[in-house]
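Survey of secondary and tertiary structure
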Amino acid sequence: MRLATRFGLFGKDREFLLCVRADDASDSVWARVRLGDDWNIAGRVPNAIRGPWTGGLLTMSLSGSVVILGTTYEEYMSVLALPAPHRAPVVRRYARYVIEQGDLSEPERENLTAWLDRD
């Protein structure tokens with residue numbers, strides 16, 4: 001929780017994006033969620049974190065200015081905060097690859113391109 005606060009994950013009213021996938025879906029989507037007063041992102045049992053893949057949680061600020069990934073393995077967990085992900089070379093290469101594949105809708109392509117072009 002301290003890491004998420006320090007890096008600015010939470011927007012107005014404690015909102016942020018959470019990457020989710022329905023059990024029967026192959027693609028993940030970003031859901032806009034709000035952190036409740038009595039809710040803890042990691043929970044009381046961190047190794048029970050579940051995200052779009054087993055043992056993981058992927059979040060992003062509403063502005064796209066920070067990505068925070070949590071993952072679990074055996075009895076431990078690790079958390080990575082990536083401020084300004086649009087500036088990270090590996091993220092930029094992957095985003096360009098996704099755009100070039102042509103599988104995005106026009107609005108998705110425009111949003112991803114604008115995200116890459118931000119300062």
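In this numbering scheme, every chain counts its residues from 1 along its sequence in written order. For a predicted model such as this one, the threshold for reporting local features is a pLDDT of at least 70, and the threshold for listing and counting side-chain atom pairs is 80 or more; totals across whole chains, interfaces and linings nevertheless cover every residue. Hydrogens and water molecules were not included; the side-chain quantities draw on all heavy atoms of the structure.

In any sheet, the strands associate via hydrogen bonds between backbone groups, in a parallel or an antiparallel arrangement. The rule for pairing is simple: two strands pair if DSSP sees at least two bridges between them. Secondary structure elements follow DSSP: runs of H or I of four or more residues count as helices, runs of E of two or more count as strands, with numbering from the N terminus. An order of E2-E1-E3-E4-E5 is seen for the five strands of this open sheet, with the pairing classed as antiparallel. With one partner strand each, in any of the chains shown, strand E2 (29-34) and strand E5 (76-83) form the two edges of the open sheet. Direction aside, neighbouring strands of the sheet carry axes that sit 25° apart on average. Relative to E5, strand E4 (residues 66-73) runs antiparallel, the two being bridged by eight bridges. Residue pairing for E5: threonine 72 is matched across the bridge by methionine 77. Every axis in this analysis is a line fitted to C-alpha atoms, fitted for helices over the stretch in contact. Angles between the N-to-C directions lie between 0 and 180 degrees.

Mapped onto the elements of the fold, threonine 59 is located in strand E3 (residues 56-60). Residue contacts are counted whenever heavy atoms from the two residues lie within 4.5 Å of one another. When neighbours within four sequence positions are excluded, threonine 59 is seen to be in contact with Leu9, Phe16, Leu17, Leu18, Trp30, Val66, Val67 and Ile68.

The next point concerns the layout of surface pockets. Looking at the largest pocket, its volume works out to about 1200 Å³. Of the two site types, the cavity is a set of points on a 1 Å grid over the protein atoms alone where a 1.4 Å probe fits but cannot get out, and the pocket is an open set with protein on both sides within 12 Å along at least five of seven lines, each lined by residues with an atom within 4 Å of a point. Taken together, 33 residues form the lining of the largest pocket, with Ser28, Trp30, Met60, Tyr94 and Leu112 sitting closest to its centre. Of all the secondary structure elements, the ones that give two or more residues to the lining of the largest pocket are strand E1 (15-20), E2, E3, E4, E5, helix H2 (89-101) and helix H3 (106-117). In terms of residue count, H2 provides more of the lining of the largest pocket than any other element does, five residues in total. Residue polarity is assigned by list, with Asp, Glu, Lys and Arg as charged and Ala, Val, Leu, Ile, Met, Phe, Trp, Tyr, Cys and Pro as nonpolar; anything else, Gly included, falls into the polar class. Partitioned by chemical class, the residues of the lining of the largest pocket number 23 nonpolar, five polar and five charged. Grid points are joined across faces, edges and corners, and a volume is the space filled by probe spheres set on the points.

Before going further, it helps to spend a moment on the pattern of salt bridges. By definition here, a salt bridge exists when the distance from a side-chain nitrogen of Lys or Arg to a carboxyl oxygen of Asp or Glu is within 4 Å. Taken as a whole, this structure holds three salt bridges when the rule is applied. The residue arginine 34 makes a salt bridge to glutamate 15 at a minimum N-O spacing of 2.9 Å. One end of the pair, arginine 34, is in strand E2; the other, glutamate 15, is in strand E1, and 19 residues separate them in sequence. Here arginine 34 falls in the exposed class, since its relative accessible area comes to 52%. For glutamate 15, a relative accessible area of 14% gives the class buried. Glutamate 106 is paired through a salt bridge with arginine 109; the nearest N and O atoms lie 2.4 Å apart. You can see glutamate 106 and its partner arginine 109 sitting in helix H3, three residues apart, about one turn around the helix. Buried, partly exposed and exposed residues are distinguished by accessible area as a fraction of the type maximum, computed with a 1.4 Å probe on protein chains only: under 20%, between the cut-offs, and over 50%, respectively. The exposure class of arginine 109 is partly exposed, given its relative accessible area of 31%. Through salt bridges with shared partners, one network takes in Glu15, Arg32 and Arg34.

Between 30 and 60 degrees the pair is tilted, below 30 it is stacked and above 60 it is edge-to-face, where a pair is any two Phe, Tyr or Trp rings, Trp via its six-membered ring, whose centres lie within 6.5 Å. In the structure shown here, the tally under the stated rule is two aromatic pairs. Look at phenylalanine 10 and phenylalanine 16: their rings are 5.5 Å apart centre to centre, the planes differ by 75°, and that puts the pair in the edge-to-face class. Comparing phenylalanine 10 with phenylalanine 16, the two get one shared label, buried.

Here we take up the nonpolar core. To define a nonpolar core, start from buried Ala, Val, Leu, Ile, Met, Phe, Trp, Tyr and Cys residues and group those joined through side-chain atoms within 4.5 Å. With ten residues, the main nonpolar core is built from Ala4, Leu9, Phe10, Phe16, Leu18, Leu35, Leu57, Val66, Ile68 and Ala81. The set of elements that each furnish at least two residues to this core consists of E1 and E4. Residues Cys19, Leu58, Met60 and Val67 belong to the second largest nonpolar core, which totals five residues.

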